[in-house]
Amino acid sequence: MIRKSIAVFLTFFGLLICACLTAGCGGGHSPAPSEGGSDTSVSADAGKDDTNKDGAGKDDAGKDGANKDDAGKDGANINDADKDAPMEWTTSGDGSAPQTVSPKGDPSFTEVIADNNDLYFAVTDAYEDPVYGYVWSARIENRTDKNLMFTFEKTSVNGVMCDPFWADVISPGAQADRQITWMRETLDACGIDEVTEVDFTLNVYNDDDYTEGALMHDPFEVFPAGREKAAAAKRTPLDTDRVLIDNDRCRILLTGIEPEGTWGYTVYLWLENRTDEDLMFSAQNTTINGTSCDPYWADVVSAGKSARDTVIWDRGALEESGIKEVSRIELPFLVYSEKDIAHPYVNETAFITP
(Lines give C-alpha, C1' and ligand atoms only; values in the text may rest on other atoms or scores of the structure.)
Protein backbone atom coordinates (compact mmCIF):
# COMPACT_ATOMS: atom_id res chain seq x y z
CA MET A 1 0.00 0.00 0.00
CA ILE A 2 2.78 2.40 0.90
CA ARG A 3 4.70 1.52 -2.30
CA LYS A 4 1.63 2.22 -4.39
CA SER A 5 1.22 5.66 -2.78
CA ILE A 6 4.88 6.53 -3.47
CA ALA A 7 4.53 5.56 -7.10
CA VAL A 8 1.46 7.75 -7.52
CA PHE A 9 3.26 10.70 -5.88
CA LEU A 10 6.32 10.40 -8.12
CA THR A 11 4.15 10.25 -11.21
CA PHE A 12 2.27 13.40 -10.20
CA PHE A 13 5.52 15.25 -9.32
CA GLY A 14 7.06 14.40 -12.70
CA LEU A 15 4.07 15.72 -14.55
CA LEU A 16 4.27 18.97 -12.52
CA ILE A 17 7.96 19.48 -13.41
CA CYS A 18 7.29 18.90 -17.11
CA ALA A 19 4.50 21.45 -17.03
CA CYS A 20 6.81 24.04 -15.43
CA LEU A 21 9.56 23.42 -17.94
CA THR A 22 7.14 23.74 -20.82
CA ALA A 23 5.87 27.08 -19.52
CA GLY A 24 9.36 28.51 -18.97
CA CYS A 25 10.82 27.59 -22.35
CA GLY A 26 7.84 28.17 -24.58
CA GLY A 27 6.30 31.18 -22.92
CA GLY A 28 7.32 33.60 -25.75
CA HIS A 29 5.10 33.78 -28.82
CA SER A 30 6.72 34.00 -32.25
CA PRO A 31 5.47 36.86 -34.43
CA ALA A 32 3.29 36.08 -37.37
CA PRO A 33 5.01 35.32 -40.66
CA SER A 34 5.63 38.29 -43.00
CA GLU A 35 3.46 38.99 -46.04
CA GLY A 36 6.02 37.32 -48.24
CA GLY A 37 5.34 34.05 -46.51
CA SER A 38 8.81 33.56 -45.04
CA ASP A 39 9.83 33.98 -41.46
CA THR A 40 12.51 36.76 -41.34
CA SER A 41 12.69 37.07 -37.54
CA VAL A 42 16.02 36.91 -35.78
CA SER A 43 16.88 36.25 -32.17
CA ALA A 44 18.06 39.07 -29.90
CA ASP A 45 21.75 38.36 -30.52
CA ALA A 46 21.44 37.41 -34.15
CA GLY A 47 23.89 40.20 -35.22
CA LYS A 48 26.96 38.15 -34.51
CA ASP A 49 26.96 35.75 -37.40
CA ASP A 50 24.19 36.98 -39.61
CA THR A 51 24.87 38.40 -43.09
CA ASN A 52 23.88 41.88 -41.90
CA LYS A 53 26.98 42.38 -39.79
CA ASP A 54 28.83 44.17 -42.68
CA GLY A 55 25.77 45.51 -44.41
CA ALA A 56 24.96 49.09 -45.16
CA GLY A 57 22.12 49.18 -42.65
CA LYS A 58 23.79 48.19 -39.41
CA ASP A 59 24.08 50.70 -36.55
CA ASP A 60 27.87 50.90 -36.51
CA ALA A 61 28.36 50.94 -40.27
CA GLY A 62 31.55 52.99 -40.03
CA LYS A 63 34.19 50.38 -40.45
CA ASP A 64 33.62 48.69 -43.77
CA GLY A 65 30.34 49.99 -45.20
CA ALA A 66 30.08 52.12 -48.32
CA ASN A 67 27.94 54.73 -46.53
CA LYS A 68 30.05 55.18 -43.43
CA ASP A 69 30.51 58.65 -42.01
CA ASP A 70 34.30 58.59 -41.89
CA ALA A 71 34.68 57.14 -45.37
CA GLY A 72 38.41 57.53 -45.61
CA LYS A 73 39.81 54.09 -44.98
CA ASP A 74 38.30 51.33 -47.05
CA GLY A 75 34.96 52.61 -48.39
CA ALA A 76 34.08 52.70 -52.08
CA ASN A 77 33.23 56.41 -52.06
CA ILE A 78 36.58 57.81 -50.89
CA ASN A 79 39.11 59.70 -53.00
CA ASP A 80 41.75 57.03 -52.70
CA ALA A 81 44.84 58.88 -54.00
CA ASP A 82 48.06 56.90 -54.01
CA LYS A 83 50.19 58.40 -51.29
CA ASP A 84 53.32 57.29 -53.16
CA ALA A 85 52.30 58.88 -56.47
CA PRO A 86 54.35 61.97 -57.51
CA MET A 87 52.78 65.26 -56.52
CA GLU A 88 52.02 67.88 -59.17
CA TRP A 89 53.98 71.03 -58.36
CA THR A 90 51.96 74.22 -58.46
CA THR A 91 52.60 77.86 -57.72
CA SER A 92 49.50 78.19 -55.54
CA GLY A 93 47.58 76.12 -53.05
CA ASP A 94 44.24 76.28 -54.83
CA GLY A 95 44.81 73.26 -57.04
CA SER A 96 45.49 75.30 -60.19
CA ALA A 97 47.59 73.92 -63.02
CA PRO A 98 51.38 74.25 -62.80
CA GLN A 99 52.83 77.45 -64.21
CA THR A 100 56.14 77.81 -66.00
CA VAL A 101 58.32 80.59 -64.61
CA SER A 102 61.08 81.92 -66.85
CA PRO A 103 64.40 83.18 -65.50
CA LYS A 104 64.04 86.88 -64.82
CA GLY A 105 66.58 89.48 -65.74
CA ASP A 106 66.31 93.24 -66.03
CA PRO A 107 63.36 93.68 -68.40
CA SER A 108 64.02 96.24 -71.08
CA PHE A 109 61.06 95.66 -73.39
CA THR A 110 58.46 93.22 -74.65
CA GLU A 111 58.02 92.91 -78.37
CA VAL A 112 55.61 90.68 -80.30
CA ILE A 113 57.37 89.38 -83.38
CA ALA A 114 54.59 87.28 -84.90
CA ASP A 115 50.94 86.73 -84.01
CA ASN A 116 48.64 84.91 -86.44
CA ASN A 117 46.36 81.87 -86.71
CA ASP A 118 49.31 79.46 -86.80
CA LEU A 119 51.76 80.79 -84.23
CA TYR A 120 52.77 83.39 -81.70
CA PHE A 121 56.34 84.52 -80.99
CA ALA A 122 57.30 87.33 -78.64
CA VAL A 123 60.48 88.50 -76.93
CA THR A 124 59.45 89.05 -73.30
CA ASP A 125 62.82 89.91 -71.75
CA ALA A 126 66.37 90.82 -72.81
CA TYR A 127 69.23 90.82 -70.37
CA GLU A 128 72.93 90.21 -69.82
CA ASP A 129 73.77 86.94 -68.11
CA PRO A 130 77.12 86.95 -66.22
CA VAL A 131 77.83 83.35 -67.23
CA TYR A 132 76.37 82.82 -70.69
CA GLY A 133 76.22 86.23 -72.33
CA TYR A 134 73.22 87.96 -73.85
CA VAL A 135 69.83 86.27 -73.40
CA TRP A 136 66.35 86.65 -74.83
CA SER A 137 63.36 85.14 -73.06
CA ALA A 138 60.79 84.21 -75.68
CA ARG A 139 57.14 83.21 -75.43
CA ILE A 140 56.15 80.77 -78.19
CA GLU A 141 52.77 79.27 -79.13
CA ASN A 142 52.00 76.60 -81.70
CA ARG A 143 48.39 77.12 -82.75
CA THR A 144 48.35 74.28 -85.29
CA ASP A 145 47.91 70.50 -85.09
CA LYS A 146 51.50 69.94 -86.29
CA ASN A 147 54.93 69.77 -84.65
CA LEU A 148 56.47 73.13 -85.54
CA MET A 149 60.19 73.88 -85.72
CA PHE A 150 61.14 77.45 -84.77
CA THR A 151 64.62 78.69 -85.67
CA PHE A 152 66.61 81.81 -86.57
CA GLU A 153 68.46 82.29 -89.84
CA LYS A 154 70.82 85.03 -91.07
CA THR A 155 71.11 86.48 -87.57
CA SER A 156 73.22 89.56 -86.94
CA VAL A 157 73.93 91.58 -83.79
CA ASN A 158 74.90 95.24 -84.17
CA GLY A 159 75.51 94.61 -87.85
CA VAL A 160 77.75 91.56 -87.39
CA MET A 161 76.63 88.04 -88.28
CA CYS A 162 76.28 86.30 -84.91
CA ASP A 163 74.19 83.13 -84.68
CA PRO A 164 72.79 81.89 -81.33
CA PHE A 165 72.43 78.45 -82.94
CA TRP A 166 68.93 78.17 -81.54
CA ALA A 167 66.11 75.93 -82.72
CA ASP A 168 63.15 74.41 -80.91
CA VAL A 169 60.24 72.10 -81.73
CA ILE A 170 56.89 73.06 -80.17
CA SER A 171 54.15 70.41 -79.95
CA PRO A 172 50.68 70.92 -81.47
CA GLY A 173 48.62 73.41 -79.48
CA ALA A 174 51.41 73.93 -76.94
CA GLN A 175 52.84 77.07 -75.34
CA ALA A 176 56.46 77.36 -74.20
CA ASP A 177 58.92 79.78 -72.63
CA ARG A 178 62.41 79.52 -74.12
CA GLN A 179 65.79 81.21 -73.74
CA ILE A 180 67.85 82.24 -76.78
CA THR A 181 71.49 82.91 -75.92
CA TRP A 182 74.41 84.61 -77.63
CA MET A 183 77.64 83.55 -75.93
CA ARG A 184 79.69 86.37 -74.45
CA GLU A 185 82.91 84.99 -75.95
CA THR A 186 81.40 85.21 -79.43
CA LEU A 187 80.09 88.74 -78.86
CA ASP A 188 83.49 89.88 -77.60
CA ALA A 189 85.21 88.41 -80.66
CA CYS A 190 82.82 90.45 -82.83
CA GLY A 191 83.54 93.65 -80.90
CA ILE A 192 80.07 93.80 -79.34
CA ASP A 193 79.90 95.29 -75.86
CA GLU A 194 76.19 96.17 -75.73
CA VAL A 195 73.49 94.63 -77.90
CA THR A 196 71.52 97.42 -79.55
CA GLU A 197 70.16 95.74 -82.70
CA VAL A 198 69.33 92.16 -83.65
CA ASP A 199 68.31 91.25 -87.20
CA PHE A 200 67.12 87.76 -88.07
CA THR A 201 64.83 85.68 -90.24
CA LEU A 202 62.26 83.72 -88.25
CA ASN A 203 61.82 80.35 -89.95
CA VAL A 204 58.87 78.18 -88.86
CA TYR A 205 57.96 74.93 -90.59
CA ASN A 206 56.37 71.50 -90.12
CA ASP A 207 59.01 69.38 -88.42
CA ASP A 208 57.40 66.18 -89.70
CA ASP A 209 57.19 67.19 -93.36
CA TYR A 210 60.07 69.26 -94.75
CA THR A 211 58.44 69.33 -98.20
CA GLU A 212 55.61 71.44 -96.83
CA GLY A 213 56.03 75.15 -97.30
CA ALA A 214 57.24 77.24 -94.36
CA LEU A 215 54.54 78.81 -92.21
CA MET A 216 56.88 81.77 -91.74
CA HIS A 217 60.18 82.81 -93.27
CA ASP A 218 60.29 86.56 -92.68
CA PRO A 219 63.04 89.01 -91.66
CA PHE A 220 62.72 91.10 -88.50
CA GLU A 221 64.63 93.87 -86.75
CA VAL A 222 64.65 94.26 -82.98
CA PHE A 223 66.14 97.23 -81.10
CA PRO A 224 66.36 96.19 -77.44
CA ALA A 225 67.47 99.64 -76.23
CA GLY A 226 65.48 101.65 -78.76
CA ARG A 227 66.17 102.43 -82.39
CA GLU A 228 67.92 105.67 -81.49
CA LYS A 229 70.62 103.73 -79.63
CA ALA A 230 71.36 101.27 -82.43
CA ALA A 231 75.04 101.27 -83.33
CA ALA A 232 77.21 99.10 -85.53
CA ALA A 233 79.86 97.04 -83.82
CA LYS A 234 83.31 98.56 -84.01
CA ARG A 235 86.10 96.13 -84.58
CA THR A 236 89.47 97.19 -83.27
CA PRO A 237 92.04 97.03 -86.10
CA LEU A 238 95.07 94.82 -85.44
CA ASP A 239 98.63 95.32 -86.59
CA THR A 240 98.40 91.89 -88.24
CA ASP A 241 95.35 92.81 -90.34
CA ARG A 242 95.87 92.39 -94.06
CA VAL A 243 93.52 93.28 -96.89
CA LEU A 244 92.93 90.28 -99.16
CA ILE A 245 89.98 91.56 -101.25
CA ASP A 246 88.63 95.10 -101.44
CA ASN A 247 86.13 96.47 -103.98
CA ASP A 248 82.80 98.28 -104.06
CA ARG A 249 80.89 95.04 -103.38
CA CYS A 250 82.80 93.53 -100.49
CA ARG A 251 85.98 93.41 -98.47
CA ILE A 252 87.90 90.47 -96.97
CA LEU A 253 90.51 91.01 -94.25
CA LEU A 254 92.97 88.50 -92.83
CA THR A 255 92.85 89.18 -89.08
CA GLY A 256 94.89 86.34 -87.61
CA ILE A 257 96.38 82.86 -87.93
CA GLU A 258 96.38 80.10 -85.28
CA PRO A 259 98.50 77.12 -86.41
CA GLU A 260 97.46 75.03 -83.39
CA GLY A 261 93.79 75.94 -83.29
CA THR A 262 91.26 73.81 -81.45
CA TRP A 263 90.04 72.13 -84.63
CA GLY A 264 93.17 72.48 -86.72
CA TYR A 265 95.13 75.08 -88.66
CA THR A 266 92.95 78.20 -88.46
CA VAL A 267 92.84 81.38 -90.51
CA TYR A 268 90.64 84.22 -89.20
CA LEU A 269 88.83 86.47 -91.68
CA TRP A 270 86.68 89.58 -91.45
CA LEU A 271 84.03 89.75 -94.20
CA GLU A 272 82.10 92.86 -95.23
CA ASN A 273 79.07 92.91 -97.52
CA ARG A 274 78.71 96.37 -99.06
CA THR A 275 75.65 95.56 -101.17
CA ASP A 276 71.89 95.36 -100.57
CA GLU A 277 71.95 91.64 -101.40
CA ASP A 278 72.95 88.60 -99.37
CA LEU A 279 76.41 87.47 -100.53
CA MET A 280 77.99 84.02 -100.49
CA PHE A 281 81.71 83.99 -99.64
CA SER A 282 83.65 80.82 -100.45
CA ALA A 283 87.08 79.45 -101.32
CA GLN A 284 87.50 76.61 -103.80
CA ASN A 285 90.50 74.56 -104.93
CA THR A 286 92.65 75.79 -102.05
CA THR A 287 96.29 74.71 -101.85
CA ILE A 288 98.84 74.66 -99.01
CA ASN A 289 102.51 74.56 -99.94
CA GLY A 290 101.39 73.80 -103.50
CA THR A 291 99.40 70.73 -102.41
CA SER A 292 95.62 70.62 -102.89
CA CYS A 293 94.00 70.83 -99.47
CA ASP A 294 90.48 72.21 -99.39
CA PRO A 295 88.86 73.38 -96.12
CA TYR A 296 85.40 73.28 -97.76
CA TRP A 297 84.62 76.75 -96.45
CA ALA A 298 81.67 78.97 -97.36
CA ASP A 299 79.52 81.51 -95.54
CA VAL A 300 76.59 83.84 -96.21
CA VAL A 301 76.74 87.47 -95.09
CA SER A 302 73.46 89.36 -95.12
CA ALA A 303 73.02 92.60 -97.01
CA GLY A 304 75.02 95.44 -95.48
CA LYS A 305 76.39 93.24 -92.66
CA SER A 306 79.82 92.02 -91.58
CA ALA A 307 81.05 88.70 -90.23
CA ARG A 308 83.95 87.27 -88.30
CA ASP A 309 84.77 83.91 -89.84
CA THR A 310 87.29 81.08 -89.71
CA VAL A 311 88.79 78.86 -92.37
CA ILE A 312 90.02 75.60 -90.82
CA TRP A 313 92.18 72.79 -92.16
CA ASP A 314 91.90 69.55 -90.24
CA ARG A 315 95.18 68.32 -88.76
CA GLY A 316 94.56 64.84 -90.04
CA ALA A 317 94.08 66.12 -93.59
CA LEU A 318 97.35 68.08 -93.41
CA GLU A 319 99.22 65.03 -92.12
CA GLU A 320 97.81 62.85 -94.87
CA SER A 321 99.08 65.40 -97.39
CA GLY A 322 102.54 65.32 -95.83
CA ILE A 323 102.28 68.93 -94.64
CA LYS A 324 104.18 69.46 -91.40
CA GLU A 325 104.60 73.23 -91.59
CA VAL A 326 102.48 75.73 -93.56
CA SER A 327 104.54 78.18 -95.60
CA ARG A 328 102.11 79.33 -98.35
CA ILE A 329 98.33 79.28 -98.70
CA GLU A 330 96.43 79.97 -101.91
CA LEU A 331 92.77 80.94 -101.37
CA PRO A 332 90.77 81.26 -104.62
CA PHE A 333 87.91 83.43 -103.37
CA LEU A 334 84.51 83.32 -105.02
CA VAL A 335 81.92 85.89 -103.90
CA TYR A 336 78.50 86.11 -105.52
CA SER A 337 74.91 87.12 -104.91
CA GLU A 338 72.60 84.27 -104.02
CA LYS A 339 70.29 85.62 -106.70
CA ASP A 340 72.89 85.28 -109.48
CA ILE A 341 75.59 82.67 -108.91
CA ALA A 342 76.62 82.74 -112.58
CA HIS A 343 78.15 86.21 -112.30
CA PRO A 344 80.38 86.43 -109.22
CA TYR A 345 81.48 89.76 -107.84
CA VAL A 346 84.84 88.27 -106.85
CA ASN A 347 86.76 85.48 -108.56
CA GLU A 348 90.27 86.10 -107.34
CA THR A 349 93.05 84.20 -105.56
CA ALA A 350 94.62 85.60 -102.44
CA PHE A 351 98.04 84.43 -101.17
CA ILE A 352 98.92 84.09 -97.51
CA THR A 353 102.46 83.54 -96.30
CA PRO A 354 102.40 82.97 -92.52
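Above this text is the structure in question.
Residues numbered from 1 in each chain as written. Predicted model: local features only at pLDDT ≥ 70, side-chain atom pairs only at ≥ 80, totals over all residues. Heavy atoms only, no water.

A. Representation of the packing of aromatic side chains in the model. Throughout the structure, instances matching the rule amount to 12 aromatic pairs. A centroid spacing of 5.9 Å and a plane angle of 35° characterise the contact between Phe200 and Phe220, whose relative ring orientation is tilted. On the criterion of sequence distance, the pair formed by Phe200 in strand 8 (residues 198-206) and Phe220 in strand 9 (residues 216-222) is long-range, its members being 20 residues apart. Given the relative accessible area of 19%, Phe220 is considered buried. Centroid distance Tyr205 to Tyr210: 5.8 Å. Interplanar angle 75°. Geometry classified as edge-to-face. Assessed through its relative accessible area of 61%, Tyr210 is described here as exposed. We note Arg235 situated over the ring of Trp270; from NZ or CZ to the ring centre the distance is 5.6 Å. The cationic tip of Arg249 hangs over the ring face of Tyr345; the distance from NZ or CZ to the ring centre is 4.2 Å. (Phe/Tyr/Trp six-rings, centres within 6.5 Å; stacked < 30°, edge-to-face > 60°. Helix = DSSP H or I, 4+ residues; strand = E, 2+ residues; numbered from the N terminus. Buried < 20%, exposed > 50% of the residue type's maximum accessible area, 1.4 Å probe, protein only. Lys NZ or Arg CZ within 6 Å of the ring centre and 35° of its normal.)

B. Representation of the environment of Glu348 within the structure. With respect to the helices and strands, the residue Glu348 is situated in strand 19 (residues 346-352). Sequence separation between Glu348 and Leu331 is 17 residues, and the spatial gap between their C-alpha atoms is 8.3 Å. Beyond its immediate stretch of four places on either side in the chain, Glu348 contacts Ile245, Leu331, Pro332 and Phe333. (Contact = heavy atoms within 4.5 Å.)

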